[in-house]
Amino acid sequence: MARVTFVDETTSGSRSDGWGLDIAEERLALRELIRRRVFQEVAEFHARGAGTGGSFRALVQPKSGGRVDPETQCELAFAAFARNGFLVLVGDRQMEQLDEEIDLRLGIEVTFLKLVPLVGG
């Protein structure tokens, strides 16, 4: 079992402390890794009491308030990846396709680099 550490960064230089998720498989497609991350974020949000005014801090933000649907969030994340809303770095390798396989070795760090649009364009 591998423990994958997810770290969020932005092009403006901010970086999250990161959080871990245990994955039983040795290899996983990027699409499935994103799906598991999103489902974990949604589950933790609902466990804290969704809809009680707490903010939802995650890979992508829901389009509406209230209960957050993990499947909808996955589709939003896949669409954001496809339009270069964020990059995914596994170690020092950039993932370019959702169906690319990732070797999940011990202590692997996956960085989600959220791209901030330039002012004026």
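Coordinates for the structure precede this section.
Because the structure is predicted, anything quoted here is derived from the model rather than measured.

Rules of the game
- Residues numbered from 1 in each chain as written.
- Predicted model: local features only at pLDDT ≥ 70, side-chain atom pairs only at ≥ 80, totals over all residues.
- Heavy atoms only, no water.
- Core = buried A, V, L, I, M, F, W, Y, C linked by side-chain atoms within 4.5 Å.
- Buried < 20%, exposed > 50% of the residue type's maximum accessible area, 1.4 Å probe, protein only.
- Helix = DSSP H or I, 4+ residues; strand = E, 2+ residues; numbered from the N terminus.
- Contact = heavy atoms within 4.5 Å.
- Axes fitted to C-alpha atoms, helices over the stretch in contact; angles between N-to-C directions.
- Parallel < 35°, antiparallel > 145°, perpendicular 65-115°, else oblique.
- Left-handed = near helix turned anticlockwise from the far one by under 90°.
- Nonpolar A, V, L, I, M, F, W, Y, C, P; charged D, E, K, R; others polar.
- Phe/Tyr/Trp six-rings, centres within 6.5 Å; stacked < 30°, edge-to-face > 60°.
- Lys NZ or Arg CZ within 6 Å of the ring centre and 35° of its normal.

## Overview of the nonpolar core
Phase 1 of the analysis: Ranked by size, the top nonpolar core spans 31 residues in total, and within it Ile34 and Val88 carry the most contacts.
Phase 2 of the analysis: Contributing elements (two or more residues each) for this core: β1 (2-10), β2 (19-23), α1 (30-47), α2 (70-82), β4 (86-90) and β7 (109-114).
Phase 3 of the analysis: Beyond its immediate chain neighbours, meaning those up to four positions away, Val88 contacts Leu30, Phe81, Arg93, Gln94, Met95, Val110, Thr111 and Phe112.

## Here's the deal with the packing of α1 against α2
Phase 1 of the analysis: At a closest axis distance of 9 Å, the pairing of α1 and α2 adopts a crossing angle of 135°. In terms of their interaxial angle, α1 and α2 are classed as oblique. Relative to α2, the crossing made by α1 is right-handed. The segment α1 lies against α2, with Leu30, Arg31, Ile34, Arg35, Val38, Phe39 and Val42 engaging Pro70, Glu71, Gln73, Cys74, Ala77, Phe78 and Phe81.
Phase 2 of the analysis: When its residues are assigned to classes, the contact of α1 with α2 shows 10 nonpolar, 1 polar and 3 charged.

## What to know about the packing of aromatic side chains
Phase 1 of the analysis: Counted under the stated rule, the structure contains 4 aromatic pairs.
Phase 2 of the analysis: Ring centres 5.8 Å apart and planes at 55° place the aromatic pair Phe81 and Phe86 in the tilted group.
Phase 3 of the analysis: Overall, Phe81 belongs to the buried group, its relative accessible area being 8%.
Phase 4 of the analysis: Look at Phe86 and Phe112: their rings are 5.9 Å apart centre to centre, the planes differ by 50°, and that puts the pair in the tilted class. Taken together, the residues Phe86 in strand β4 and Phe112 in strand β7 connect sequence positions 26 residues apart. Each member of the pair, Phe86 as well as Phe112, carries the same accessibility label: buried.
Phase 5 of the analysis: One aromatic cluster is present, formed by Phe6, Trp19, Phe81, Phe86 and Phe112 through successive ring pairs.
Phase 6 of the analysis: Between Arg37 and the ring centre of Phe6, over which it is positioned, the NZ or CZ distance is 5.8 Å.

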